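Examining the three-dimensional arrangement
The lines below spell out each chain.
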Amino acid sequence: LEESFVATDELYHNMRMLPEARVLAVAFDDPKRNGTGREEPILWTVNYGRGRVFHDALGHDLTAMAEPGFISTFVRGCEWAATAG
């Protein structure tokens, strides 16, 4: 399932990912805003021992945390991490 959403938030760039990380979503890091000009990861998962980790690089302030895209991905990511079986 591929869905997109708009976020007004900060974007990290040049993240170093573990080889086993699974990137779920990316955002374009616009060079006009001092970005890399590449798609940068914003949501990813990785297994850690017997646990599961979900990372959401969004949600830097209250405005960003109130956006539907953040709420949806945060809730779904937490549910995924909490229901390891």
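In what follows, the accompanying structure is described. (Residues numbered from 1 in each chain as written. Predicted model: local features only at pLDDT ≥ 70, side-chain atom pairs only at ≥ 80, totals over all residues. Heavy atoms only, no water.)

Some thoughts on the pairing of strand β3 (residues 51-56)
Across six bridges, the pairing between strand β2 (residues 39-48) and β3 is antiparallel. Residue pairing for β3: Trp44 is matched across the bridge by His55. What sits between the antiparallel neighbours β2 and β3 is a turn of two residues, in which Gly49 has the positive phi angle 60°. (Pairing = 2+ DSSP bridges. Helix = DSSP H or I, 4+ residues; strand = E, 2+ residues; numbered from the N terminus.)

Some details on the nonpolar core
Counting six residues, the largest nonpolar core consists of Ala25, Ile42, Leu43, Phe54, Leu58 and Phe70. Setting aside chain neighbours within four positions, we find Ala25 in contact with Glu40, Pro41, Ile42 and Leu43. (Core = buried A, V, L, I, M, F, W, Y, C linked by side-chain atoms within 4.5 Å. Buried < 20%, exposed > 50% of the residue type's maximum accessible area, 1.4 Å probe, protein only. Contact = heavy atoms within 4.5 Å.)

Things to note about the side chain of Asp56
Inspection of the secondary structure assignment puts Asp56 in strand β3. Arg76 is the oppositely charged side chain nearest to the buried, salt-bridge-free Asp56, at an N-O distance of 11 Å. Here the side chain of Asp56 touches Leu58 through a polar contact of 2.9 Å, landing on its backbone nitrogen. Within the structure, the side chain of Asp56 is placed 3.4 Å from the side chain of Thr73, a separation counted as a polar contact. (Lys, Arg positive; Asp, Glu negative; His and termini not counted. Salt bridge = Lys/Arg side-chain N within 4 Å of Asp/Glu carboxyl O. Polar contact = N/O pair within 3.5 Å; in protein donor to acceptor, adjacent residues only side chain to side chain.)

A closer look at the packing of aromatic side chains
In total, this model carries one aromatic pair according to the counting rule given. Seen from their ring centres, Phe70 and Phe74 are 5.4 Å apart, and the 20° between their planes marks the pair as stacked. Here Phe70 pairs with Phe74, and both are found in helix α2 (residues 68-82), just four residues apart, close to one helical turn. Taking the relative accessible area as the measure of exposure, Phe70 reaches 10% and is therefore buried. The class of Phe74 is partly exposed, set by a relative accessible area of 39%. (Phe/Tyr/Trp six-rings, centres within 6.5 Å; stacked < 30°, edge-to-face > 60°.)

Structural notes on a nonpolar patch on the surface
Together, Ile71, Phe74 and Val75 line one region of the surface with nonpolar side chains, adding up to about 260 Å² of accessible area. Along the chain, Val75 turns up in helix α2. (Patch = residues over 30% accessible without salt bridge, like charges linked within 9 Å, V, L, I, M, F, W, Y side chains within 5 Å. Areas by Shrake-Rupley, 256 points an atom, 1.4 Å probe, with all protein chains shown as cover.)

Structural notes on the sheet that holds strand β1 (residues 22-28)
Strand order across the open sheet formed by three strands is β1-β2-β3, with antiparallel pairing between neighbours. Two strands lie at the open edges of the sheet, namely β1 and β3, each paired on one side alone. Here the average twist between neighbouring strands, direction ignored, is 15°. Strands in contact with α2 are β2 and β3; relative to β3, the strand with the most contacts, it is inclined by about 170°. (Axes fitted to C-alpha atoms, helices over the stretch in contact; angles between N-to-C directions.)

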